[in-house]
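# Chain and residue survey
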Amino acid sequence: MKVVYKPGNAYEEINCYDFREYEQGIVLHNEEGYNIGYVPHEILSHIEPHPEEKIVFGSEETLAVRGSEDGDETEAESDSNDEDD
């Protein structure tokens, strides 16, 4: 992911693998989990995923991961069980 911040008049970017948020700011980590930077909340602009990290909500893959396809069948079964009682 890319962390964008503005320490002065220009925006700067840091590429990182992960981050952890604390009360005063965020600590950036590389793939091995080592700290590679710190950005205070006051100068943090935004965090962008790289193109390969983006998730398209509502896609078939996302729905399969959430298990919503299985949830629809469960709801249909529970409705039929209520009618039998």
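What counts, and where the lines are drawn
- Residues numbered from 1 in each chain as written.
- Predicted model: local features only at pLDDT ≥ 70, side-chain atom pairs only at ≥ 80, totals over all residues.
- Heavy atoms only, no water.
- Helix = DSSP H or I, 4+ residues; strand = E, 2+ residues; numbered from the N terminus.
- Buried < 20%, exposed > 50% of the residue type's maximum accessible area, 1.4 Å probe, protein only.
- Contact = heavy atoms within 4.5 Å.
- Areas by Shrake-Rupley, 256 points an atom, 1.4 Å probe, with all protein chains shown as cover.
- Pairing = 2+ DSSP bridges.
- Axes fitted to C-alpha atoms, helices over the stretch in contact; angles between N-to-C directions.
- pLDDT = per-residue confidence, 0-100.
- Polar contact = N/O pair within 3.5 Å; in protein donor to acceptor, adjacent residues only side chain to side chain.
- Core = buried A, V, L, I, M, F, W, Y, C linked by side-chain atoms within 4.5 Å.

### Comments concerning the overall build of the chain
A tally of regular secondary structure across the chain gives 2 helices and 6 strands. Starting at the N terminus and walking to the C terminus, you meet the elements of the chain as β-β-β-β-β-β-α-α. Looking at the chain as a whole, 15% of its 85 residues qualify as buried. When contacts within the chain are restricted to residue pairs at least 6 apart in sequence, long-range pairs at least 24 apart make up 27% of them. Taken as a whole, the chain presents about 6900 Å² of accessible surface, with 46% of it coming from carbon and sulfur.

### A short note on the sheet that holds strand S2 (residues 12-15)
Pairing between the strands of a sheet comes from backbone hydrogen bonds, and it takes one of two forms, parallel or antiparallel. The antiparallel open sheet is built from 3 strands, whose spatial order is S2-S1-S6. The sheet terminates laterally at S2 and strand S6 (44-48), the two strands that pair on one side only. Strand-to-strand twist across the sheet, computed as the mean angle between neighbouring axes with direction ignored, equals 20°. Here 4 bridges tie strand S1 (residues 2-5) to S2, and the two strands are oriented antiparallel to one another. Its bridge partner being in S2, valine 4 is matched across the sheet by glutamate 13.

### Looking at the pairing of strand S3 (residues 18-21)
Inspection of the sheet shows S3 paired to strand S4 (residues 25-29) by 4 bridges, in the antiparallel sense. Paired with aspartate 18 across the bridge in S4 is histidine 29. In this antiparallel pair of consecutive strands, S3 and S4, the connection spans 3 residues.

### As for the confidence of the model for the chain
The pLDDT averaged across the chain works out to 80; a share of 68% of its residues lies at or above 70. Contacts from residues 73-78, a stretch scored under 50 in pLDDT, to residues over four places away or in other chains number 0 contacts.

### A look at the side chain of histidine 29
When you line up the elements, histidine 29 lands in strand S4. Reaching out from histidine 29, the side chain makes a polar contact with the side chain of asparagine 35 at a distance of 3.2 Å. In this structure, histidine 29 is in contact with Cys16, Tyr17, Asp18, Phe19, Arg20, Tyr34, Asn35 and Ile36, ignoring residues within four places of it in sequence.

### Examining the nonpolar core
By size, the foremost hydrophobic cluster in this structure holds 7 residues: Met1, Val3, Tyr5, Cys16, Ile26, Leu28 and Val39. Elements with a contribution of two residues or more to this core: S1 and S4. Filtering out sequence-adjacent residues up to four positions away, cysteine 16 remains in contact with Met1, Val3, Leu28, His29 and Ile36.

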